[in-house]
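Observations on the model geometry
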Amino acid sequence: MSQNVFELSPRVQQLKKVLEDFVEFECIPAEKIAHQQMGKMGSDDRWKIVPGVIEKLKDRAKSLGLWNVFLPTYYKESAGLTNLEYATLCEIMGRCHLAAEACNCAAPDTGNMEVFAKYGSPEQKEKWLKPLMDGKIRSAFAMTEPAVASSDATNIETSIVRDGNEYVVNGRKWWISGAGDPRCAVYLVMGKNDPNNSNKHKQQSVIIVPAGTPGVKIIRPMTVFGYDDAPHGHMEMEFVNVRVPKENMILGEGRGFEIIQGRLGPGRIHHCMRAIGMAERALEHHLLRATDMSRQTFGKPLAAHGKTLFDIATSRMEIDQARLLVLRAAATMDAKGPKAAMNEIAMAKVIVPNVVQNVVDRAIQAHGAGGVGQDTPLAYMWAGNRTLRIADGPDEVHTIQIAKAELRRAQALKQHYEKQKDIMAKL
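Residues numbered from 1 in each chain as written. Predicted model: local features only at pLDDT ≥ 70, side-chain atom pairs only at ≥ 80, totals over all residues. Heavy atoms only, no water.

Focus on the environment of E26
Looking at the secondary structure, you find E26 in helix α1 (residues 10–27). Since its relative accessible area comes to 26%, E26 is described here as partly exposed. Linking E26 and G252, residues 226 residues apart in sequence, is a C-alpha distance of 43 Å. Once you skip the residues sitting within four places of it in the chain, E26 turns out to touch D21, L57, R60 and L64. A polar contact is formed between the side chain of E26 and the side chain of R60, at a distance of 3.1 Å. (Helix = DSSP H or I, 4+ residues; strand = E, 2+ residues; numbered from the N terminus. Buried < 20%, exposed > 50% of the residue type's maximum accessible area, 1.4 Å probe, protein only. Contact = heavy atoms within 4.5 Å. Polar contact = N/O pair within 3.5 Å; in protein donor to acceptor, adjacent residues only side chain to side chain.)

What follows is the structure in structure tokens.
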């Protein structure tokens, strides 16, 4: 387990210990059971069955005080933790793919709950936020589209048109995470309601579409390197003349970019810290494999080979560097707000998935053919983490943002160096 460099309150220290025990001795042992309880691939039950062990783990998490700990202190619905405090817990959840859902801290629900908490009307909160926080329903955020480069969200083409007391939604979406879950009761859909607005960031809106609304169609599940992530899933969807009441508009017309920026910042930190937990578990598998005396190559165990030692040390150093970057971003969010922490969040979002991908890959390599199979969690970790380099904004978008922020320093630097030259000339 990692050592935290920030001082944690006694309450958070206790939560951390309780969560560690819950994840290590209840969630991880339940992984095999959850897999066995899922509907078989290709069967009609694949997207209908939620493993019963999940609900048992949720009840257990509630009893342990681990429920809904993700909302930061500036929301009245918060459990009272800062972003930094939650980040230390989120890493632990990342060690097992069941843990975040068990604690009601899984994407995309956390981001959607934050949207309702931050921007929702009292009526929207009562209808959607409350059951989401109670764990009675799940949700999805429908943004990405197959026909356009969605990494630039101004390209989104789904239309949201006002018609009397209703809005009519038309569009095609894909990679809509969570839309396959039979408990998914609501979609937050991003589209354009004012495509001719001269301000391209004021063209979009986010609207609530209840699951089961006429005109909503699930086309197919998308697979991630062959994994379908059932029952959660990543769906291609179609919205054809979908009508919803005008009260379903979130915050107001043209506020879509404001909403997604408020949603994605904290979500990116959550993803990154869970990925750190994944990397720690992958390194543990690497260590166990390297010190398995029953497996020797050229007369000595893997741990006696220089390449193995180099790989293990590199993984250790990279994980600790990445963790500090994420914790810095979380601390900046607490001190200055998510908008002021955009650069720190962007850096973490680029660095962490790349680091974790390399850590997992080294562990796979140490396992040989076994590393790419189903007998360890490593292959599934690699597939999920590789996706994170694209999800919530690809590396390239964040890298451009970081570079632009650096370039904005150039004029002040020129003046600084000119001042130095003037001083030197007078000496």
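Observations regarding a nonpolar patch on the surface
A surface patch of nonpolar side chains, amounting to about 390 Å² of accessible area, comprises I423, M424 and L427. Mapped onto the elements, M424 comes out in helix α13 (residues 410–426). With relative accessibility at 59%, the residue M424 sits in the exposed group. (Patch = residues over 30% accessible without salt bridge, like charges linked within 9 Å, V, L, I, M, F, W, Y side chains within 5 Å. Areas by Shrake-Rupley, 256 points an atom, 1.4 Å probe, with all protein chains shown as cover. Salt bridge = Lys/Arg side-chain N within 4 Å of Asp/Glu carboxyl O.)

Looking at the environment of A275
Note on placement: A275 falls in helix α8 (residues 256–290). Not counting chain neighbours up to four residues away, the residues in contact with A275 comprise V352, V356, N385 and L388.

Some points on the packing of aromatic side chains
A ring pair, where both rings are aromatic, is described by two values, the distance of the centres and the angle of the planes. Per the stated rule, a full pass over the model turns up five aromatic pairs. For the ring pair Y227 and Y380, a centre distance of 5.0 Å and an interplane angle of 70° mean the geometry is edge-to-face. Note that Y227 is positioned in the loop between β6 (216–221) and β7 (234–245) and Y380 in helix α11 (residues 378–388), a separation of 153 residues in sequence. In this structure Y227 comes out as partly exposed when scored by relative accessible area, which is 29%. If you follow K62 out to its NZ or CZ, it ends over the ring of W67, 4.6 Å from the centre. Stacked on the ring of F141, the Lys or Arg R263 has its end atom at 4.3 Å from the ring centre. (Phe/Tyr/Trp six-rings, centres within 6.5 Å; stacked < 30°, edge-to-face > 60°. Lys NZ or Arg CZ within 6 Å of the ring centre and 35° of its normal.)

Let's talk about the packing of helix α6 (residues 109–119) against helix α7 (residues 122–133)
Axis separation between α6 and α7 bottoms out at 10 Å; the angle between their running directions is 145°. Here α6 runs over α7; the crossing is left-handed. Counting all contacts with α6, which are made through D109, M113, F116, A117 and Y119, the residues of α7 involved are Q124, K125, W128, L129, L132 and M133. Tallied by class, residues from the contact of α6 with α7 come to eight nonpolar, one polar and two charged. (Axes fitted to C-alpha atoms, helices over the stretch in contact; angles between N-to-C directions. Left-handed = near helix turned anticlockwise from the far one by under 90°. Nonpolar A, V, L, I, M, F, W, Y, C, P; charged D, E, K, R; others polar.)

Section: the side chain of N248
By secondary structure assignment, the location of N248 is in the loop between β7 and α8. Ignoring anything within four residues of it in the chain, the contact list for N248 reads Q124, V206, I207, I208 and P210.

Section: helix α10 (residues 342–367)
Compared with the 38 Å implied by 1.5 Å per residue over 26 residues, the 38 Å span of α10 between its first and last C-alpha is a close match. Phi turns positive one or two residues past the end of α10, at G368, with a value near 65°. (Expected span 1.5 Å × (residues − 1).)

Re the side chain of K192
If you trace the backbone, K192 turns up in strand β4 (residues 184–192). Within the buried core, K192 has no salt-bridge partner, and the shortest N-O distance to an opposite charge, that of E157, equals 7.2 Å. A polar atom in the side chain of K192 sits 2.9 Å from the backbone oxygen of T154. With residues up to four places along the chain from it excluded, the contact list for K192 reads T154, I156, T158, S159, I160, Q203 and Q204. (Lys, Arg positive; Asp, Glu negative; His and termini not counted.)

Considerations on the nonpolar core
Most often, soluble globular proteins have nonpolar side chains that are buried together. Counting residues in each nonpolar core, the largest one holds 93 residues, and the members touching the most others are L19, F22, M93 and I250. In terms of residue count, α8 provides more of this core than any other element does, 14 residues in total. With sequence-adjacent residues up to four places away left out, L19 is seen in contact with L66, L89, I92, M93 and C103. One finds A140, Y187, V189 and V244 within the second-largest nonpolar core, a separate group that totals 18 residues. (Core = buried A, V, L, I, M, F, W, Y, C linked by side-chain atoms within 4.5 Å.)

Quick notes on unusual backbone geometry
With omega at 0°, the peptide bond leading from A107 into P108 counts as cis. A cis amide bond links A230 to the next residue, P231, at an omega of 0°. Mapped onto the fold, P231 is located in the loop between β6 and β7. Residues other than glycine seldom take positive phi values, yet N241 does so here, at roughly 50°. Take N241: it is sitting in strand β7. Phi at F298 is positive, roughly 55°, even though this residue is not glycine. Tracing the backbone through its elements, the reader meets F298 in the loop between β8 (296–297) and β9 (300–301).

Focus: the pairing of strand β2 (residues 159–163)
Bridge analysis of β2 against strand β3 (residues 166–177) gives five bridges, and the strand direction is antiparallel. Bridge pairing links I160 to V169 in β3. Counted between consecutive antiparallel strands, the loop separating β2 from β3 contains two residues, among which G164 sits at a positive phi close to 65°. (Pairing = 2+ DSSP bridges.)

Focus on the pattern of salt bridges
Applying the stated criterion across every chain, the model contains 35 salt bridges. In this structure, K17 and D21 form a salt bridge, with 2.6 Å as the shortest nitrogen-oxygen distance. Pair noted here: K17 and D21 are both in helix α1, with a separation of four residues, about one helical turn. The class for K17 is partly exposed, based on a relative accessible area of 42%.

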